[in-house]
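Structural overview
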Amino acid sequence: MRPYANLYWLVGMTYALPFFFTYMLLMNNGNIVWSMSTMAGLTLLILAAYNWILFITMFLIGSLLAILAYALTVDKVVFSPYLVQLPIYTFLIITTSIIFYYPYRLKQEKLKVLASIGAEVSHELRTPLMTIRNHAYGLEKNLPKLLHAYELAKVHNLVTNTIRSDAFNALEHSIKQIESEVRHSNTVIDMLLMNLSNPKVNREELEHFSMANIITQALQRYPFDSNKERKVVKTELSKDFQFLGSDILMMHVIFNLLKNALVFTNDVSEASIEITLDKKPNANLLYFRDNGRGISLQDKDSIFENFYSSGNQDKGAGTGIGLAFCKKVLESFNASIKCDSELGEFTEFVLSFPMTEQKN
C-alpha cells in the first residue's frame, strides 16, 4: 500500500479537516463552538499542508464538498451564519499562513544561498587542486631520478651541503602525501555539494548494489585525518544484502554518518565506530553505532531537519544539512533512517531497506 500513502493522506486530511468542520459548522447554524472548532481545524490544515497550493486545493475541495453535503441533507439551506464568519476565517488563513510559511521559505532561501556559495567555492578550489595534482604528476616522474642522482653524488663526495636523512625520507613520500591531500580536498568538496543538492531520484534509473561493497568503497575514499582515526571504524559485513538505489548517493550517506560519528567520538579515549549489516524477515538493516557523547532527547527529535545542528557539537559543527540529506536520499530508495541514543553513552543510526531480489 506504500505507493498509495500520499493519496490516502490527501483524502484523509481533506475529509478530517476542511470537510468535517465546515459541514458541522453549517449543520449547527454557525454556533460559537463549531466556529472555534473550524478555526482550529483550518490552523491544523495549514500546519499539515505547509504548501500554499496544496492547502488551497484541500481547503476548496473540502469546503465545497461540505457545502454540497449540507445542501443535500437539510430541508432549508441557510448560509447567512457562515457568510458572516467567512471574513474571520479568511483573516485566520492569511495570518497563520504567513506566520508558519515564513520559516519554511527562510530555510529554502538558506539552501539556495548555501548552494550558490558552495558551487562558487568548489569551483575556485578545484582549479588550484587540479594544478597541484598536475605538478605532483610531473614530480612523480622526475623526483625519483633526482633523488637517485643525489645519492650517487653523495657516494662520490660531490655534495657539499647534504640533506638530513629525515628530510630525505620525507621527500621520497611527499608525492603520495600531496596526492592524498588532493583526494582528501576533492572528497570534502564533493560531500559539500552533494549535501546541498536536492536528491530527486528517478526510480527508473535506480540499480541494485551490494551494501558491503558500497561501505568498503566509502571507507577507502573517506578522508580520514590519520591512521588512528581509520582504525576506530570496525565493520561486520558478512550479512551483505542488495538494495535498490544509487551507489553515489548511498556512499555520501555513509560519508555523512561517518563524519558525524568521528566528530562525536573525538574526545573519547577508546573511541569505537561499528558498522554492521543484518537481515531480518521483512527488512535489510544497516547499523551505524558509536560510543561518543550521544544526542539529547531534544536534539534527537530534530536532527533530520534542515539547518538543525546538535547543540553539544562543539567541535566540527556543521550546517545541519547532512542528516536531512541522508533522510531524503533514503526515502527516495523507499528506505528509512532512525536514531537511538543515550546522552554520554552511545548513538546508533538504523537504516532499514526493503527486501529486494538478489542480483548477481
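The structure displayed is predicted, hence computed values, not measured ones.

In this section: the sheet that holds strand 2 (residues 233-236). Here five strands make up an open sheet; going across it, the order is 2-4-5-7-6 and the pairing mixed. Both outer strands of the open sheet, strand 2 and strand 6 (336-342), are each paired with one neighbouring strand and no more. The average undirected angle you get between the axes of adjacent strands in this sheet is 15°. Two elements, strand 4 (residues 273-279) and strand 5 (residues 284-290), share seven bridges in a ladder whose sense is antiparallel. Across the sheet, residue Ile-273 finds its bridge partner in strand 5, namely Asp-290. Against the sheet, helix 6 (residues 211-221) contacts strand 2, strand 4, strand 5 and strand 7 (346-353), and its axis sits at roughly 165° relative to strand 4.

Another aspect to go through is the packing of aromatic side chains. Applying the stated criterion across every chain, the model contains 16 aromatic pairs. Pairing Phe-19 with Tyr-23 gives two aromatic rings, centres 6.0 Å apart and planes at 0°, and the pair type is stacked. In this pair, Phe-19 and Tyr-23 are both assigned in helix 1 (residues 5-27), four residues apart and thus about one turn of the helix distant. Between Phe-20 and Trp-34 the ring centres are 5.8 Å apart and the planes differ by 70°, which places this aromatic pair in the edge-to-face class. Placement of the pair is Phe-20 in helix 1 and Trp-34 in helix 2 (residues 32-49), with a sequence separation of 14 residues.

Bringing the packing of helix 1 against helix 2 into the picture now. Pairs of packed helices are described in terms of their axes, by the angle between the two and the distance that separates them. In the contact formed by helix 1 and helix 2, the axes pass within 8 Å of each other and the chain directions differ by 160°. Considering the angle they form, helix 1 stands roughly antiparallel to helix 2. The two elements helix 1 and helix 2 meet at a crossing, and its hand is left-handed. Between helix 1, through Trp-9, Met-13, Leu-17, Pro-18, Phe-20, Phe-21, Met-24 and Leu-25, and helix 2, the contact on the second element is made entirely by Trp-34, Ser-35, Ser-37, Thr-38, Gly-41, Leu-44, Leu-45, Ala-48 and Ala-49. Its residues assigned to classes, the contact of helix 1 with helix 2 comprises 13 nonpolar, four polar and no charged.

On to the pattern of salt bridges, then. On inspection of all chains with the given rule, the structure shows five salt bridges. In this structure, Asp-166 engages Arg-164 in a salt bridge whose closest nitrogen and oxygen atoms are separated by 3.2 Å. On the accessibility criterion, Asp-166 (44% relative accessible area) is partly exposed. Given the relative accessible area of 58%, Arg-164 is considered exposed. Here Arg-293 ties to Asp-267 by a salt bridge, and the two come within 3.7 Å at their closest N and O atoms. Residue Arg-293 is located in the loop between strand 5 and helix 9 (297-300), and its partner Asp-267 is located in the loop between helix 8 (247-264) and strand 4; the two are separated by 26 residues in the primary sequence.

This paragraph deals with the side chain of Thr-38. Inspection of the secondary structure puts Thr-38 in helix 2. From its side chain, Thr-38 meets the backbone oxygen of Phe-21 in a polar contact 3.3 Å long. Beyond its immediate stretch of four places on either side in the chain, Thr-38 contacts Phe-21, Leu-25 and Tyr-89.

The biggest cluster of nonpolar side chains holds 47 residues, and the ones touching the most others in it are Met-250, Leu-286, Phe-333, Phe-349, Leu-351 and Phe-353. In terms of residues, this core owes the most to one element, helix 8, which gives twelve residues. Leaving out residues up to four positions away in the same chain, Leu-286 has contacts with Met-211, Ile-215, Met-250, Ile-254, Ile-275, Thr-276, Leu-277, Phe-349, Val-350, Leu-351 and Phe-353. The next biggest cluster of nonpolar side chains, apart from the first, holds 20 residues, and it includes Leu-17, Trp-34, Met-58 and Ala-66.

At a minimum axis separation of 9 Å, helix 6 and helix 8 run at an interaxial angle of 60°. Taken together, the axes of helix 6 and helix 8 lie oblique to each other. For the element pair helix 6 and helix 8, the recorded crossing hand is right-handed. Counting all contacts with helix 6, which are made through Met-211, Ile-214, Ile-215, Gln-217, Ala-218, Leu-219 and Arg-221, the residues of helix 8 involved are Asp-247, Met-250, Met-251, Ile-254, Phe-255 and Leu-258. Of the residues that constitute the contact of helix 6 with helix 8, the class distribution is ten nonpolar, one polar and two charged.

So, on to a nonpolar patch on the surface. Taken together, the side chains of Met-1, Tyr-4, Leu-7, Trp-9, Leu-10 and Val-11 make up a nonpolar region of the molecular surface, amounting to roughly 670 Å² of accessible area. Within the secondary structure, Trp-9 sits in helix 1. Judged by relative accessible area, which is 34%, Trp-9 ranks as partly exposed.

With that settled, the discussion passes to helix 3 (residues 52-73). The end-to-end C-alpha distance of helix 3 is 31 Å, a good match for the 32 Å that 22 residues give at a rise of 1.5 Å each. Those residues of helix 3 not exposed but buried are Phe-55, Met-58, Phe-59, Gly-62, Ser-63, Ala-66 and Tyr-70. On an axial view of helix 3, the arc spanned by its buried residues comes to 115°, and they lie on one face. Those residues of helix 3 that are exposed and aimed more than 90 degrees away from the buried face are Ile-53, Leu-64 and Leu-72.

Note on placement: Asn-256 falls in helix 8. Here Asn-256 falls in the buried class, since its relative accessible area comes to 4%. Within the structure, the side chain of Asn-256 is placed 2.8 Å from the backbone oxygen of His-252, a separation counted as a polar contact.

Along the chain, Leu-257 falls in helix 8. Leu-257 gets classed as buried once you look at its relative accessible area, which sits at 1%. When the C-alpha atoms of Leu-257 and Leu-323 are compared, they prove to be 7.7 Å apart, with 66 residues separating the residues in sequence. Aside from chain neighbours lying at most four places away, what touches Leu-257 is Phe-288, Leu-323, Ile-337, Phe-349 and Leu-351.

Rules of the game
Residues numbered from 1 in each chain as written. Predicted model: local features only at pLDDT ≥ 70, side-chain atom pairs only at ≥ 80, totals over all residues. Heavy atoms only, no water. Pairing = 2+ DSSP bridges. Helix = DSSP H or I, 4+ residues; strand = E, 2+ residues; numbered from the N terminus. Axes fitted to C-alpha atoms, helices over the stretch in contact; angles between N-to-C directions. Contact = heavy atoms within 4.5 Å. Phe/Tyr/Trp six-rings, centres within 6.5 Å; stacked < 30°, edge-to-face > 60°. Parallel < 35°, antiparallel > 145°, perpendicular 65-115°, else oblique. Left-handed = near helix turned anticlockwise from the far one by under 90°. Nonpolar A, V, L, I, M, F, W, Y, C, P; charged D, E, K, R; others polar. Salt bridge = Lys/Arg side-chain N within 4 Å of Asp/Glu carboxyl O. Buried < 20%, exposed > 50% of the residue type's maximum accessible area, 1.4 Å probe, protein only. Polar contact = N/O pair within 3.5 Å; in protein donor to acceptor, adjacent residues only side chain to side chain. Core = buried A, V, L, I, M, F, W, Y, C linked by side-chain atoms within 4.5 Å. Patch = residues over 30% accessible without salt bridge, like charges linked within 9 Å, V, L, I, M, F, W, Y side chains within 5 Å. Areas by Shrake-Rupley, 256 points an atom, 1.4 Å probe, with all protein chains shown as cover. Expected span 1.5 Å × (residues − 1). Arc of directions from axis to C-beta.

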